[in-house]
Amino acid sequence: MDTMKYRYLHTILAASAIIGAISSCVEDKGNYDLEEINELTIEGIEDSYSLFSLTETLDVTPDLQPSVKGYSEDNYEFNWFVCEGALTTDGHKHTTISTERNLHYPVNLNPGNYSIYFQVTDKNTGVKFEKSLTLTAMSPLVRGFYILGNKEDGIAGLDFLSMPTGRDTSLIPNLFVNKNGIKGAKNLVFTGYYAVGNNTALWLITEDNQYTLDFSSTKTEVDVLPKNLDNILFPTMEGVQKPFHLANVLPAPYGPNCTALCGSNRILLTDGEAYCASIISGEAYGQPVTRDASTVTANIFTPYKVAFYAGNSTYVSTFFFYDTTNNCFKVPTGGYSSYACTFCKKPTDSATPFYWDQTNYTPVRTIVYGENGYGNAGRSYALMTDGQNYYVYGFKAQTSATGMPTKATASTIDPNDAIDIAKASHYAFFSMQQIILYSVGSKLYAYDYARKDCKMINDFGEEITYLAFDFHSASRPTDLLVATYSPAQKGTLCKYTVTDDINNINVEARVDDVWHTDLRIEKVFWRYCTN
């Protein structure tokens, strides 16, 4: 039987002396009927419950067993209390969460352990009966997708698509407190976990600023932290672009468990430079590595916002950049071990199958889009243009500090073959085949640049605001994320599967993987982090 705690608030009228006196003088001619006091047994409540905060509801239906047969429940008053902290501590909080018999309580608590008390008061006698349970509120922010976007008024918002193992997927809206009314969200960067406390970062990037967000899974809200780029960037070279504006932090966490790709090392890109640092003792960046010599008077070049490395690797030791100032690919002279003096230079070049130096072409080719893939042994891709045609380069990043990147493929895209590619706003490379997907307004296209085959996948009737392959949530390079927006329907995020087929373009919608939000989605980022 469940352990019960009873607290009796009886007022007992002791009259034995008076009764004794009366009994000695008056003959007892009657029978006495004593009213039975009702006692209550509470059953049907488990000792403990484990639920996810923000997404699940604690439902408890007590079984009330009165000792007096037919005793009406109208005689009872019900109260449910949630208690935070030990009863004997100063921090103890005792909050009423319901006055109904049955509990239906959305668990909107910070993750942790709580005591919940069910108290029944007999209004006739004032007797109180209690039953307690333990509630473990688990964090829903451990595993799932961050969804960054802007609300209808331009205010930045952050939702979380929670995907706890063994539980239903649920969307947690309005995760970002945004007390300062930050507007114009453009990008979100999550660097994963490293053992030094302040070296795991969630960055919100706007058009002209950036903010470090509190990503702790022990809280149910995300707010801005007092950390900025001036606290971690310390270049002394002339020509560095200030104020700093964050573009990216790499490498990104790898795979379903968000493996740290290079442990303690980071590549930080601003709009003007790239920096490299080891963060074992704290996060601090010195001179930019995107310069042409080791001296502090060397020319600084502006890198494309992606550092190229093998996307399918669980460890990254080096990387290379595209120099948008001089329109060529450049390789650092050393790995992380020499980040303090690392600078970049052009790799040994040839025309096969393309030049690293794009000024060898007339007209000069410039980069449109680049990304690191997961198929084809971690091949990276760049979409280039000379103002007339488009070109796709496939290449593999070097695997050591002294190595060089290797070229794989080069393909020409005639804009007459790839429908409206010159008007595209978003791109994504399918790394298993020579296919690029791109969006034009509400239309999603796929173009096989090996077979010169173009196919419109869907016209959503709403603007496509985000397009990217999702490898990390399930280790599948075939999963494609597409987000759309309209003022009437707001934001929609959905998944497609791209078939690995050398002879056909086959992109199928996954009807069960569709989620709705009030945000105009700008970025979707996978998270698996328990801290």
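Read on for an overview of the structure. What you see is a predicted model, and the numbers here were worked out from it, not measured in a lab.

### A word on the packing of aromatic side chains
Right, so step 1: Per the counting criterion, the structure on display carries 31 aromatic pairs.
Right, so step 2: Ring centres of F190 and F215 lie 6.2 Å apart, and the angle between their planes is 65 degrees; this geometry places the pair in the edge-to-face category. Of this pair, F190 sits in strand β14 (residues 185-190) while F215 sits in the loop between β16 (210-213) and β17 (246-250), and the two are 25 residues apart along the sequence. This pair shows no difference in class: F190 is buried, exactly as F215 is.

### Examining the sheet that holds strand β27 (residues 426-430)
Right, so step 1: Taken in spatial order, the four strands line up as β27-β28-β29-β30 in an open sheet, and their pairing is antiparallel. Two strands lie at the open edges of the sheet, namely β27 and β30 (453-459), each paired on one side alone. Pairs of neighbouring strands in the sheet enclose a mean axial angle of 20 degrees, with direction left out of account.
Right, so step 2: Inspection of the sheet shows strand β28 (residues 435-440) paired to strand β29 (residues 443-448) by six bridges, in the antiparallel sense. The residue of β29 that forms the bridge with I436 is Y447.

### As for the pattern of salt bridges
Right, so step 1: Applying the stated criterion across every chain, the model contains 22 salt bridges.
Right, so step 2: Here E463 ties to R520 by a salt bridge, and the two come within 2.5 Å at their closest N and O atoms. Of this pair, E463 sits in strand β31 (residues 463-469) while R520 sits in strand β35 (residues 520-528), placing them 57 residues apart in sequence.
Right, so step 3: The exposure class assigned to R520 is partly exposed, which follows from its relative accessible area of 24%.
Right, so step 4: Residue K495 pairs with D479 through a salt bridge whose shortest N-O separation is 3.5 Å. Taken together, the positions of K495 in strand β33 (residues 490-498) and D479 in strand β32 (residues 479-486) put the pair 16 residues apart, joining distant regions of the chain.
Right, so step 5: Counted as one network, the salt bridges with shared partners bring together D470, R476, D479, K495, R510 and D513.

### Observations concerning unusual backbone geometry
If a residue is not glycine, its phi is most likely negative; likewise, a peptide bond is most likely trans.
Right, so step 1: The amide bond that connects K242 to the next residue, P243, takes the cis arrangement and shows omega of 0 degrees.
Right, so step 2: When you line up the elements, P243 lands in the loop between β16 and β17.
Right, so step 3: Phi angles above zero are rare outside glycine, and C258 is one such case at about 55 degrees.
Right, so step 4: Among the structural elements, C258 can be located in the loop between β17 and β18 (265-270).

### Focus: the sheet that holds strand β11 (residues 143-150)
Right, so step 1: With antiparallel pairing, the four strands of this open sheet are ordered in space as β13-β12-β11-β35. Edge positions in the sheet fall to β13 (170-172) and β35, since each of these pairs with one other strand and no more. The mean angle between the axes of side-by-side strands here comes to 25 degrees, regardless of whether they run parallel or antiparallel.
Right, so step 2: Sheet analysis places β11 next to strand β12 (residues 156-162), joined by seven bridges and oriented antiparallel. Among the inter-strand pairings, Y146 is bridged to a residue of β12, identified as F160.

Rules behind the numbers
Residues numbered from 1 in each chain as written. Predicted model: local features only at pLDDT ≥ 70, side-chain atom pairs only at ≥ 80, totals over all residues. Heavy atoms only, no water. Phe/Tyr/Trp six-rings, centres within 6.5 Å; stacked < 30°, edge-to-face > 60°. Helix = DSSP H or I, 4+ residues; strand = E, 2+ residues; numbered from the N terminus. Buried < 20%, exposed > 50% of the residue type's maximum accessible area, 1.4 Å probe, protein only. Pairing = 2+ DSSP bridges. Axes fitted to C-alpha atoms, helices over the stretch in contact; angles between N-to-C directions. Salt bridge = Lys/Arg side-chain N within 4 Å of Asp/Glu carboxyl O.

Note that every value here comes from positions in space, so none of it alone points to a role or purpose.
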